[in-house]
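A look at the structure
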Amino acid sequence: MNKEEKKKFVIDLTKAVQDRIVVLIDEGKIPEQWDGHELRKLLADHFTYEMSALIVGKRLKDYKKVLITNGI
């Protein structure tokens, strides 16, 4: 992926998660008493679902190494 493709991927993925959660709010499925704490957890859970089982084995090991090496 080039830079533009990477940016588009990130924007599209975050928008998809955002749209999904906004629909849940609009449908009244999110409790009224929830605030930033629960909503942050919900966002994290949805992003976790998006990436679950996508990176495994050597690719996961290499990914973690890059995070540490590059201070990401």
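Describing the overall build of the protein
Helix and strand content of the protein: three helices and zero strands. Each helix and strand of the protein, ordered N terminal to C terminal, gives the series α-α-α. Its C-alpha radius of gyration of 16 Å places the protein more than 25% over the 11 Å reference for a compact globule of 72 residues. Principal-axis analysis of the C-alpha atoms gives the protein an extent of 40 × 25 × 20 Å. Among the 72 residues that make up the protein, the fraction classed as buried is 7%. Surface accessibility of the protein: about 6400 Å² in total, with carbon and sulfur atoms responsible for 61%. Of the side-chain charges in the protein, 14 are positive and 12 negative, and the distance between the mean point of each set is 12 Å.

Looking at the confidence of the model for the protein
Within the protein, residue pLDDT values average 93, and 99% of them lie at 70 or more. Predicted confidence in the protein is weakest over helix α3 (residues 57-70), with a mean pLDDT of 91, and strongest over helix α1 (residues 3-26), with 96.

A word on α3
Compared with an ideal rise of 1.5 Å per residue, which puts 14 residues at 20 Å, α3 spans 20 Å between its outermost C-alpha atoms and is within 8% of the ideal. Burial runs low along α3: only zero of the 14 residues are buried. G71, located one to two residues past α3, shows a positive phi value of around 65 degrees.

Cut-offs used in this document
Residues numbered from 1 in each chain as written. Predicted model: local features only at pLDDT ≥ 70, side-chain atom pairs only at ≥ 80, totals over all residues. Heavy atoms only, no water. Helix = DSSP H or I, 4+ residues; strand = E, 2+ residues; numbered from the N terminus. Rg over C-alpha atoms; globule rule 2.2 N^0.38 Å. Buried < 20%, exposed > 50% of the residue type's maximum accessible area, 1.4 Å probe, protein only. Areas by Shrake-Rupley, 256 points an atom, 1.4 Å probe, with all protein chains shown as cover. Lys, Arg positive; Asp, Glu negative; His and termini not counted. Charge placed at Lys NZ, Arg CZ, Asp CG, Glu CD. pLDDT = per-residue confidence, 0-100. Expected span 1.5 Å × (residues − 1).

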